[in-house]
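Spelled out from the first residue to the last, the chains are:
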Amino acid sequence: MLDQVRVTVNGASISVPSGTTVAVAVTIAGQACRTSVSGERRGPLCGMGICFECRVAIDGRPHCRSCQILCEPGMEVTTDE
Amino acid sequence: MAAAVRAAECGVHVGIVDDNPTLGGQIWRGGPEDGRSRDAGRWSELLRTAGVTKLSGKRIFDQPDRGIVLAEGNDDVSELRYQNLILATGARERFLPFPGWTLSNVMGAGGLQAMVKCGLPIRGKRVVIAGTGPLLLAVAAYLRKNGAEIPMICEQTSWSSLAGFSLALLSQPAKIAQGLQLKRELSGVPFVANSWPLAAHGRQILESVTVSRGGKSETILCDYLACGFHLVPNIELAQLLGCHVNGGYVRVDDLQRTTVKEVFCAGEPTGIGGVDSALIEGQIAGLAAAGGTAEAQRLFGKREKARRFARTLDRTFRLRPELTKLPSADTLVCRCEDVPYSHLQQQTSWRAAKLHTRCGMGPCQGRVCGPATQFFFKWTPDSVRPPVFPARIGDLASIIGGPEPENSTVGGGLE
Amino acid sequence: MSQAASDVVIVGAGIVGAACADEFARRGMRVTIVDRDVVGSGATAAGMGHIVVMDDSEAQFALTRYSQQLWQALRPALPDDVEYDQCGTIWVAADDEEMFEVRRKHKHYAARGVPTEVLDAKTLQQLEPNLRDGMVGGLLVPEDAVLYPPCAARFLIERAQEHGAKLRLGSSAAQIGQGQVRLSDGREFTAEIIVNAAGAFAPELTPGLEIKKRKGHLVITDRYPGFLRHQLVELGYLKSAHSVSSDSVAFNIQPRRTGQILIGSSRQYGAEHKDVDHGILARMLRRAQEYMPALGPLSAVRTWTGFRAATPDKLPLIGPWQRDQSVFLATGHEGLGITTSLATAKILVDQITGSNAEIPIEPYLPSRAAKEFAHA
């Protein structure tokens, strides 16, 4: 029925239904997306790509708005520590 | 989508550009999946058969010259030339900071709904919904349908405003039907007016929310807080293009034409009115831009009805003055630069705040903190400069007249 | 309506006006500062905040070096939001001709007590790996620094206020002269000494001032910590800064303490509007990418413009205005306002109080104009 997509989040492999965004995958993996300038752990706020809180690195590229990006097989997602 | 379909039906070449990975914007995110989104399915199909060029996952960030806009995707940049441009940039939620609002799992109301539509598991989770506006109810119903438990919906407006709103809706049968359906879907869910969040609590992530309720406070354990204070129109692109703005909305004439001759604007940027307004105004704009003026005029009556609803919305969900007390001194207002409320209290204008605290200088370009500071301090935002959305250096560097940059595609005409 | 008398009224609360206010106030004079906008706006808000020693002329060197040392001494007092960072400058040589210039500068500075280090291609690559391959080398000036100018201006104004200075914002100066400053809202201030520190707008208040606006563009990126360590400037920058008539761009890039990258620079004469000029912006960014291709994928968050105040001989005007006994000038700093603000204040106040300045003041005196502006 629904395809599954396998991605890694901070090295841990997870499988999500096709159509899942990277932001959701990060949340499912129990991770926050980024660390703010004063050290707070942040996750998605607006869900529509305008708040920039959901930024993660995807396949080495930093500052990707993960709520606007669909998971693709083999994607390597890293969040900042 | 409505604009694109109608314009294409007039025989002109139409392209549609959208940042989201799939079409549908926010209200129809994730496509048709229930009765309320029958419209979504219908318009998607019309769009497909109309042969509209879809440019998904792209955001317009600059206008180097009249008739051309630059759009950036995740891996490319396109120069889009147009004879007419229809702006249907929609709206975003208004966020008001309160203690703990930066905790993970505190999201916008539409924000949480979007996440669930994109796969976030919500079954069995407790979600408190707070803020203001009809979006709260729509979100509550959607989440509940997907198995969430809703301990409370906290609406800041008063019971009398809401009563007035219900009365106003009596003139619109479709809205009554919608209202009754929502009532059924939310039966048993506590809905409280005159209520707003006071603080979100938790160590690493959200654990509970304290809300004000009839002058007393009440703490509710929960997994998510879906909190949004109605909508703010996305007018930045219109401003970049030089369109006049009135009271925060893009000024348009009867045919949805802005003060810039070849630029039209429809939907939320001209006034928050929801799906119905957006569909009608979109059609009018599409028809007008493609030369179908007579057909466009035939929709004026329906639009007037939709606009009445928009004005009602505006009145009903006005923010109450108590909300200016939401943030405490160390509540962060600018989340990009972590600027606390106390630092902003000392500033005399948006510009001064930007210069001296960096509030508004982050990647969201003031989209989150701007409306909040406007409400708290009555600051007016300043003028808009390119890029109207963050864009890669390489793409900013690629303009007409220069050497062809790598990875650029010259897009087709846009109507 | 007249306000209580001051000894000095300073028009302009940018970095130069702020430095002057601070200096006057600390020497016990009653100061009023006026500005039509907020503290640290104008070119102060727009500029790069680069504190840099320059050696186009002995006079430029003397002023920049003196002022750089004043900033170093001030550093411990600067609050955190001034973001003072002694990251140093590297003047980048892209070819042998520029490398020759590197060695010349090295000797020149050594003779004047400014520590610098000649970098070969390999060392340059190690220090700044994001520079493209093929650079010949560079000159590292480790005592150069960067800071965030609006907060530096605010710090200086606040220090002046601690010594009794009064700040009056929100109305532009309509007329200055003969011991009086009149604002457009009708307020008037009387003082024996009026300092015109209004930057690019100085000629509006003091007709006859030979100052032209020189527009610049800047871009700032999102945060990329570690991408860049020093302020990097191409040696061709000097050709750009020298040019008196044409539009030019030069590679000039700065790491902010936030991890954001600030990218400049451009110069245009005759551009009066603040709008971003797409053609120049694109040229500037292409130039930057020529030196650092790795910039291409970085996310640009904002662009803006500013107007430098440029004089015909590229030196600021610091001292008495010969056409009005009460008016003194502290303006015309072109791209070196942040750097030379502190020294400007010192030598201006030295002149007025009759103290001996640390450096010769003649090259910056407004009266030099009659003799030297003959050849632009």
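Residues numbered from 1 in each chain as written. Chains lettered and ligands numbered in written order. Predicted model: local features only at pLDDT ≥ 70, side-chain atom pairs only at ≥ 80, totals over all residues. Heavy atoms only, no water.

**Q** I would appreciate a short explanation of the domain arrangement of chain B in the present structure.
**A** Think of interface size as the accessible area that goes away when the parts come together; that is how it is often given. Residues and elements named next belong to chain B. Domain boundaries assigned for chain B yield domain 1 (2-91 + 234-315), domain 2 (95-229) and domain 3 (330-377). The distance between the C-alpha centroids of domain 2 and domain 3 comes to 26 Å. Of the roughly 700 Å² buried between domain 2 and domain 3 on both sides combined, carbon and sulfur atoms contribute 71%. Viewed at the interface, domain 3 and domain 2 are joined by 0 salt bridges. (Domains from an automatic or database assignment. Buried area = accessible area lost by both parts, 1.4 Å probe. Salt bridge = Lys/Arg side-chain N within 4 Å of Asp/Glu carboxyl O.)

**Q** It is not clear to me how a nonpolar patch on the surface should be interpreted in this structure. Could you clarify?
**A** Residues and elements named next belong to chain B. Together, Leu-167, Leu-170, Ile-176 and Leu-180 make up a nonpolar patch on the protein surface, roughly 380 Å² of accessible area in all. Position of Leu-170 among the secondary structure elements: in the loop between helix H5 (159-169) and helix H6 (173-185). What makes Leu-170 exposed here is its relative accessible area of 55%. (Patch = residues over 30% accessible without salt bridge, like charges linked within 9 Å, V, L, I, M, F, W, Y side chains within 5 Å. Areas by Shrake-Rupley, 256 points an atom, 1.4 Å probe, with all protein chains shown as cover. Helix = DSSP H or I, 4+ residues; strand = E, 2+ residues; numbered from the N terminus. Buried < 20%, exposed > 50% of the residue type's maximum accessible area, 1.4 Å probe, protein only.)

**Q** So what exactly am I meant to see when it comes to the pairing of strand S2 (residues 12-17) of chain A here?
**A** Residues and elements named next belong to chain A. Where strand S1 (residues 4-9) lies against S2, 6 bridges are found, and the strand directions are antiparallel. Bridge assignment links Val-5 to a residue of S2, and that residue is Val-16. Connecting S1 to the next strand, S2, in antiparallel fashion are 2 residues, including Asn-10 with a positive phi near 50 degrees. (Pairing = 2+ DSSP bridges.)

**Q** What am I meant to see in helix H10 (residues 300-316) of chain B here?
**A** At 3.6 residues per turn, the α-helix brings residues three or four places apart onto the same side. Residue and element names in this part refer to chain B. Its 17 residues place the ends of H10 24 Å apart at the C-alpha level, agreeing with the 24 Å of an ideal helix rising 1.5 Å per residue. Listed in full, the buried residues belonging to H10 are Arg-303, Ala-306, Phe-309, Ala-310, Thr-312, Leu-313 and Thr-316. The secondary structure elements touched by the buried residues of H10 are helix H4 (134-145), H5, H6 and helix H8 (274-289). (Expected span 1.5 Å × (residues − 1). Contact = heavy atoms within 4.5 Å.)

**Q** What's the story with the side chain of Thr-102 of chain B in this structure? I'm lost.
**A** Counting through the fold element by element, Thr-102 of chain B comes out in the loop between strand S7 (91-93) and strand S8 (106-107). Here the side chain of Thr-102 of chain B touches Glu-40 of chain A through a polar contact of 2.8 Å, side chain to side chain. Once residues lying within four places of it in the same chain are set aside, the contact partners of Thr-102 of chain B are Glu-40, Arg-41 and Arg-42 of chain A together with Leu-332 and Arg-335 of chain B. (Polar contact = N/O pair within 3.5 Å; in protein donor to acceptor, adjacent residues only side chain to side chain.)

**Q** Explanation requested: the interface of chain A and chain B in the structure shown.
**A** Each partner contributes residues to the interface: chain A has 34 residues there, and chain B has 39 residues. Summing both sides of the interface, chain A and chain B together bury roughly 2800 Å²; the carbon and sulfur share of this comes to 57%. Summed over the shared surface of chain A and chain B, the result is 4 salt bridges. For Arg-42 of chain A, the salt bridge is made with Asp-338 of chain B, and the minimal N-O distance between the two is 2.9 Å. For the side of chain A that touches chain B, the secondary structure elements donating two or more residues are helix H1 (22-28), strand S4 (41-42) and strand S6 (61-65) of chain A.

**Q** Can you help me understand the pairing of strand S14 (residues 231-234) of chain C in this one?
**A** Each regular strand displays side chains that alternate between the two surfaces of the sheet. All names here are of chain C. Both faces of S14 are covered, namely the face carrying Gln-231 and Val-233 and the face carrying Leu-232 and Glu-234. In this sheet, S14 lies alongside strand S4 (residues 89-93) in parallel orientation, the contact comprising 4 bridges. Within S14, the position partnered with Trp-91 by the bridge is Val-233. Bridge count between S14 and strand S15 (residues 248-255): 2 bridges; the pairing is antiparallel. The residue bridging Val-233 from the neighbouring strand is Asn-252, located in S15.

**Q** Sorry, what's going on with the state of the cysteines here?
**A** In a disulfide, the sulfur atoms of two cysteines are held together by a covalent bond. This model, assessed by the stated rule, comprises 0 disulfides over all chains. Of the cysteine sulfurs around Cys-10 of chain B, a residue in no disulfide, the closest is that of Cys-265 of chain B, at 19 Å. Cysteine Cys-87 of chain C shares no disulfide, and the gap to the nearest cysteine sulfur, in Cys-151 of chain C, comes to 17 Å. (Disulfide = S-S within 2.5 Å.)

**Q** How should I be thinking about the nonpolar core in this particular structure?
**A** One recurring pattern in soluble globular proteins: nonpolar side chains tend to sit buried together. Residues and elements named next belong to chain C. Counting 59 residues, the largest nonpolar core has Ile-10, Phe-24, Trp-71, Val-195 and Tyr-364 as the members making the most contacts within it. A per-element tally of this core places helix H1 (residues 15-26) first, with 8 residues. Beyond its immediate sequence surroundings of up to four residues, Val-195 is in contact with Val-8, Val-9, Ile-10, Val-11, Phe-24, Phe-328, Ala-330 and Leu-348. (Core = buried A, V, L, I, M, F, W, Y, C linked by side-chain atoms within 4.5 Å.)

**Q** Would you mind going over the packing of H8 of chain B against H10 of chain B with me for this structure?
**A** Helix-helix packing is described using two parameters, namely the angle between the two axes and the distance between the axes. All names here are of chain B. At a minimum axis separation of 9 Å, H8 and H10 run at an interaxial angle of 150 degrees. Put simply, H8 runs roughly antiparallel to H10. Helix-helix and strand crossings are classified by hand; for H8 and H10 the assignment is left-handed. For the pair formed by H8 and H10, the contact residues are Asp-276, Ser-277, Ile-280, Glu-281 and Ile-284 on the first element and Phe-300, Lys-302, Arg-303, Ala-306 and Arg-307 on the second. For the contact of H8 with H10, the class distribution of residues is 4 nonpolar, 1 polar and 5 charged. (Axes fitted to C-alpha atoms, helices over the stretch in contact; angles between N-to-C directions. Parallel < 35°, antiparallel > 145°, perpendicular 65-115°, else oblique. Left-handed = near helix turned anticlockwise from the far one by under 90°. Nonpolar A, V, L, I, M, F, W, Y, C, P; charged D, E, K, R; others polar.)

**Q** Hey, could you run me through the packing of aromatic side chains in this one?
**A** In total, this model carries 11 aromatic pairs over all chains according to the counting rule given. A centroid spacing of 5.7 Å and a plane angle of 80 degrees characterise the contact between Tyr-341 of chain B and Phe-376 of chain B, whose relative ring orientation is edge-to-face. Taken together, the positions of Tyr-341 of chain B in helix H11 (residues 341-345) and Phe-376 of chain B in helix H13 (residues 369-377) put the pair 35 residues apart, joining distant regions of the chain. Accessibility classification places Tyr-341 of chain B together with Phe-376 of chain B in one group, the buried group. Taken together through their ring pairs, the aromatic side chains of Tyr-341, Phe-375, Phe-376, Phe-377 and Trp-379 of chain B make up a single cluster. The ring centre of Phe-309 of chain B lies 4.4 Å from the NZ or CZ of Lys-175 of chain B, which sits over that ring. When the ring centre of Trp-91 of chain C is taken as reference, the NZ or CZ atom of Lys-105 of chain C above it lies at 4.4 Å. (Phe/Tyr/Trp six-rings, centres within 6.5 Å; stacked < 30°, edge-to-face > 60°. Lys NZ or Arg CZ within 6 Å of the ring centre and 35° of its normal.)

**Q** Looking at this model, I keep getting lost on the environment of Leu-355 of chain B. Mind explaining?
**A** Relative to the helices and strands, Leu-355 of chain B is located in helix H12 (residues 350-357). Those residues in contact with Leu-355 of chain B that lie beyond four places of it in its chain are Val-38, Gly-40, Ser-41, Ala-45, Tyr-148, Pro-150 and Cys-151 of chain C.

**Q** Help me understand the sheet that holds S6 of chain A in this model?
**A** Through backbone hydrogen bonds, the strands of a sheet pair up, either in parallel or in antiparallel fashion. Residues and elements named next belong to chain A. Read across the sheet, 5 strands follow the order S2-S1-S7-S5-S6 without closing on themselves; strand pairing throughout is mixed. Looking at the sheet topology across the chains shown, the edges are occupied by S2 and S6. Within this sheet the neighbouring strands show an average axis-to-axis angle of 40 degrees, counted without direction. Relative to strand S7 (residues 76-78), S1 is paired through 2 bridges, and the arrangement is parallel. Considered in S7, the bridge of Val-9 is made with Val-77.

**Q** Could you clarify how one ought to interpret the pattern of salt bridges in this entry?
**A** Where side chains of opposite charge bring their charged atoms close, a pairing between them can arise. Summed over the entire model, instances satisfying the criterion amount to 55 salt bridges over all chains. Here Arg-34 of chain A and Glu-53 of chain A are joined by a salt bridge, their closest N and O atoms 2.7 Å apart. Taken as a pair, Arg-34 of chain A in strand S3 (residues 34-35) and Glu-53 of chain A in the loop between S4 and strand S5 (55-58) lie far apart in primary sequence, 19 residues in all. Taking the relative accessible area as the measure of exposure, Arg-34 of chain A reaches 7% and is therefore buried. Close ionic contact of Arg-256 of chain C with Glu-83 of chain C constitutes a salt bridge, the shortest N to O distance being 2.9 Å. A residue pair is termed long-range when its members are at least 10 positions apart, and Arg-256 of chain C in the loop between S15 and strand S16 (260-269) and Glu-83 of chain C in the loop between helix H3 (58-74) and S4 qualify at 173 residues. Residues joined in a network through salt bridges with shared partners are Asp-22, Glu-23, Arg-26, Arg-27, Arg-159, Lys-346 and Asp-350 of chain C.

**Q** I'm lost on unusual backbone geometry in this one. Help?
**A** In terms of backbone geometry, most residues other than glycine have negative phi values and most peptide bonds are trans. For the bond running from Pro-386 of chain B to Pro-387 of chain B, omega is -5 degrees, close enough to zero to count as cis. Assignment of secondary structure puts Pro-387 of chain B in the loop between H13 and strand S22 (391-392). Within the chain, Lys-314 of chain C stands out as a residue other than glycine whose phi angle is a positive 65 degrees. With respect to the helices, strands and loops of the structure, Lys-314 of chain C is situated in the loop between strand S17 (299-310) and strand S18 (317-320). Since its relative accessible area comes to 29%, Lys-314 of chain C is described here as partly exposed.

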